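Architecture at a glance
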Amino acid sequence: MRRGEIYRFEPVIQRAGQSTTRLVVSSDVVNDNERIPYCFAMHVVDDPPNSLLAVSLGDHGWAFALETDRPLKRQLTEQLGTASPEQMEQVDNAMRAVFEL
């Protein structure tokens, strides 16, 4: 699992309307550490959220910085793709805006 990869998310409890696609945004230091069972990920939604804090991931949908969570790594079951360096730069900008980094 690497930063910028897009995964299918398998929730413990399926919630109607909740996306099952995630973009990994935690650093590879966190992602590679087997002692840390989770990562940080943004929800990837199908429809544009009409927000400057959303980044288009092409056919995969929109990564939305206001919907960030901490899934267990084992819940990210299938790699669907990888965001481009340009898309990840936009993700970084959106996260900086949300968290005032």
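As the structure is a prediction and not an experimental result, all values here were calculated from the model. The residue numbers shown here count from 1 along each chain, following its written sequence. For a predicted model such as this one, the threshold for reporting local features is a pLDDT of at least 70, and the threshold for listing and counting side-chain atom pairs is 80 or more; totals across whole chains, interfaces and linings nevertheless cover every residue. By convention in this description, side-chain values take in all heavy atoms of the structure and omit both hydrogens and water.

1. Topic: the sheet that holds strand β2 (residues 21-24)
Criterion used throughout: strands pair if DSSP finds at least two bridges between them. Put simply, DSSP marks the helices as runs of H or I at least four residues long and the strands as runs of E at least two long, and each gets a number from the N terminus on. Within the open sheet, the 6 strands sit side by side as β4-β5-β3-β2-β1-β6. Their pairing is antiparallel. Only two strands of the sheet have a single partner each, and these edge strands are β4 (54-56) and β6 (76-82). Averaged over neighbouring strand pairs, the angle between their axes works out to 40° when direction is ignored. As judged from the 3 bridges shared by strand β1 (residues 5-9) and β2, these two strands associate in the antiparallel manner. Whenever a helix is involved, its axis is fitted only over the stretch in contact; in every case the axis is a line through C-alpha atoms, and angles between N-to-C directions fall within 0 to 180 degrees.

2. A look at the confidence of the model for the protein chain
You can read pLDDT as the predictor saying how much it trusts each residue, on a scale of 0 to 100. Residues of the protein chain with pLDDT of at least 70 account for 100%, and the chain-wide mean is 95. Within the protein chain, strand β5 (residues 62-69) has the poorest average pLDDT of any element, 95, and β2 the best, 98.

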